[in-house]
Amino acid sequence: MHRFDTALQARRAFAPEGYATLADVGLDLPLVSPYQLSCGNPDGPVLISYNHMDAPTARANRERIARDGYLPEMLFNRVLDRALALAGMARRDIYLTHAFHALPEARSAAIPARLVEESFDSITRHEIDGRPVIALGRDAARCCARFGVSHQALPHLSARGESLDTKARRLADALPQSAKRHAA
């Protein structure tokens, strides 16, 4: 079975109590994450975020997310797009996934570490396949360390305290040089 098939089946089976699944919000696409509509390069560097988004936002924007995979106006996506432009790359050059593959009922909700680790172990680690990994945020970095995934840790792209440009430059500099060369 292909690594993405294993991850997709595991994501579809992952339904922790108190959290919505992608199927619950009408986004059960044949991808591990809707982000992979735009950021699904199977050979590109892997960026791991905390989670996709909250369930109410996903429900309210289901059609846009089903079409594009993401909401461009969100801070995370504005930083990501700026970083990719600075690196001379596009979304199609990377693979974006999450440490936690369910949707909390509130924006920025704290998710118990055991659930994040369960999701990472059963889903995310199957997506990596030896590619360079950038863990975006403490939780993604903690999971990478816990499961022995070599990674570069960066602050989450939505983290407060730094400008959009500073966060974008940091990510652009962290992206593997080989991926930048292939994007050119």
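Look above for the structure.
Quantities reported herein were computed from a predicted structural model and do not represent experimental measurements.

(A) View of the overall build of the protein. Looking only at helices and strands, the protein features eight helices and four strands. Taken from the N to the C terminus, the helices and strands of the protein come in the order α-β-α-α-α-β-α-β-α-β-α-α. In summary, the protein has a C-alpha radius of gyration of 15 Å against a globular reference of 16 Å for 184 residues, a match within 12%. Seen along its three principal axes, the alpha-carbon backbone of the protein occupies a region of about 40 × 35 × 30 Å. Total accessible area on the protein stands at roughly 8600 Å², and carbon and sulfur atoms take up 49% of it.

(B) Geometry of the side chain of Arg131. Looking at where Arg131 falls in the secondary structure, it is placed in the loop between helix 5 (113-128) and strand 3 (133-136). Asp129 provides the closest opposite charge to the buried, salt-bridge-free Arg131, at an N-O distance of 5.8 Å. There is a polar contact of 3.0 Å between the side chain of Arg131 and the backbone oxygen of Asn41.

Cut-offs applied
- Residues numbered from 1 in each chain as written.
- Predicted model: local features only at pLDDT ≥ 70, side-chain atom pairs only at ≥ 80, totals over all residues.
- Heavy atoms only, no water.
- Helix = DSSP H or I, 4+ residues; strand = E, 2+ residues; numbered from the N terminus.
- Rg over C-alpha atoms; globule rule 2.2 N^0.38 Å.
- Areas by Shrake-Rupley, 256 points an atom, 1.4 Å probe, with all protein chains shown as cover.
- Buried < 20%, exposed > 50% of the residue type's maximum accessible area, 1.4 Å probe, protein only.
- Lys, Arg positive; Asp, Glu negative; His and termini not counted.
- Salt bridge = Lys/Arg side-chain N within 4 Å of Asp/Glu carboxyl O.
- Polar contact = N/O pair within 3.5 Å; in protein donor to acceptor, adjacent residues only side chain to side chain.

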